[in-house]
Amino acid sequence: MPFAIPFPDLSPELFSVTIGSFELALRWYALAYIVGLMAGWWLIARALARPALWANDTAPMPPEKAEGLLTAVILGVILGGRLGYVVFYQPGYYLQNPAEILAVWQGGMAFHGGLIGVAVAGWLFCRINKVSPLSVADAMAMVVAIGLGLGRLANFINAELWGRPSDAPWAVIFPGEAAQACAGPVGIVMTDLGAMCARHPSQLYQAGLEGLVMGAILLWLAWGRGWFKRPGALTGMFLALYGLARLIVEMFRQPDAQFVTQDNPVGFALAFSPEWGLTMGQILSLPMIALGLGLVVIARTRRAA
């Protein structure tokens with residue numbers, strides 16, 4: 001029988017404090033958001049303090065304005081991520097239960113929606129402060145991988161968003177009835193507790209691709225290759241790299257339950273056959289790749305001119 005790795009004994013809460021009937025808990029997922037946002041704010045402020053990194057040796061705004069940008073980004077992430085999940089993944093459910101749309105504490109956030117929310121919030125920030133939208137977008141693109149990587153690690157700790165059943169030797173036996181619902185023989189391993197379902201740790205794949213790899217490339221381009229001098233280029237590279245990473249990882253992620261049927265076991269949102277199609281994540285990533293590559297080409301053309 002195939003080998004698999006038991007899921008480690010990890011708590012989704014870093015710590016909790018009970019005061020009377022009220023319990024205050026700090027979850028790893030919340031910590032990932034906090035650390036990602038604060039680290040991003042710090043790096044952007046550092047970059048803004050170095051005018052030589054930017055076009056015409058002039059930063060798009062003073063470093064102290066990075067704090068206001070952070071506030072805008074927080075609002076964009078929360079509102080955009082939640083509304084994106086509602087619209088892209090479960091519109092029927094929330095049309096019937098509109099009171100739950102803002103119940104973010106129940107879970108349900110979409111990266112693509114959060115990206116749109118951040119873009120809108122960033123554009124409004126630039127309009128109000130009269131700064132270059134493309135340069136500010138480049139600054140945000142430089143740091144977004146930090147939050148993405150930490151968020152995916154938090155997904156793993158929470159034993160959520162796991163991958164498809166797998167016979168790979170690094171497959172993980174995630175806890176929970178849903179994670180143990182292997183539809184076929186793939187991924188079934190024998191343990192002391194009997195037959196168990198092992199799955200791809202797709203959260204770690206995403207942490208590696210969307211966090212470490214993409215983050216290293218974007219930081220290198222920003223600080224080592226002068227890409228801040230080409231407004232829009234770094235933003236385009238982020239969109240293309242993230243779209244490509246998501247396109248790849250979707251082949252290993254467990255499909256969204258609302259798209260899974262007896263005739264569509266893989267959970268394609270756009271199925272061309274039972275074996276071939278596109279998941280919702282892939283559909284949303286394709287225009288990101290196209291738009292990203294287009295921005296890079298336009299930025300390089302302007303630079304060449």
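Given the structure is predicted, the values throughout are model-derived calculations rather than measurements. (Residues numbered from 1 in each chain as written. Predicted model: local features only at pLDDT ≥ 70, side-chain atom pairs only at ≥ 80, totals over all residues. Heavy atoms only, no water.)

### Some words on the pattern of salt bridges
It is possible for side chains of opposite charge to pair when their charged atoms get near one another. For the coordinates displayed, the defined rule picks out five salt bridges. For Glu13, the salt bridge goes to Arg27, with nearest N and O atoms at 3.7 Å. In this pair, Glu13 is assigned in strand β2 (residues 13-19) and Arg27 in strand β3 (residues 22-27), connecting sequence segments 14 residues apart. Note on Glu13: relative accessible area 24%, which makes it partly exposed. (Salt bridge = Lys/Arg side-chain N within 4 Å of Asp/Glu carboxyl O. Helix = DSSP H or I, 4+ residues; strand = E, 2+ residues; numbered from the N terminus. Buried < 20%, exposed > 50% of the residue type's maximum accessible area, 1.4 Å probe, protein only.)

### Focus on helix α1 (residues 28-48)
Across its 21 residues, α1 extends 30 Å between first and last C-alpha, which sits within 8% of the 30 Å expected from 1.5 Å per residue. Burial in α1 covers these residues: Ala32, Gly36, Gly40, Leu43, Ile44, Ala45, Ala47 and Leu48. Those residues of α1 that are buried are in contact with α2 (66-88), α5 (133-157) and α6 (202-224). (Expected span 1.5 Å × (residues − 1). Contact = heavy atoms within 4.5 Å.)

### Some words on unusual backbone geometry
In this model, Asn56 sits at a positive phi of 60 degrees, which is unusual for a non-glycine residue. Along the chain, Asn56 falls in the loop between α1 and α2. What makes Asn56 exposed here is its relative accessible area of 74%.

### Some details on α6
An α-helical turn contains 3.6 residues, so a residue and the one three or four places further along point in the same direction. Its 23 residues give α6 an end-to-end C-alpha distance of 31 Å, which sits within 8% of 33 Å, the value for a rise of 1.5 Å per residue. Of all the bends found along α6, the most pronounced is centred on Met214 and spans about 30 degrees. Among the residues making up α6, those that are buried are Ser202, Gln203, Gln206, Ala207, Glu210, Gly211, Met214, Gly215, Leu218, Leu221 and Ala222. Buried-residue contacts for α6 involve α5 and α7 (233-249). (Bend = angle between axes of the 7 residues up to and from the residue.)

### Remarks on the confidence of the model for the protein
With 96% of its residues at a pLDDT of at least 70, the protein reaches an overall mean of 88. Mean pLDDT values over the elements of the protein span from 72, in β3, up to 97, in α6. (pLDDT = per-residue confidence, 0-100.)

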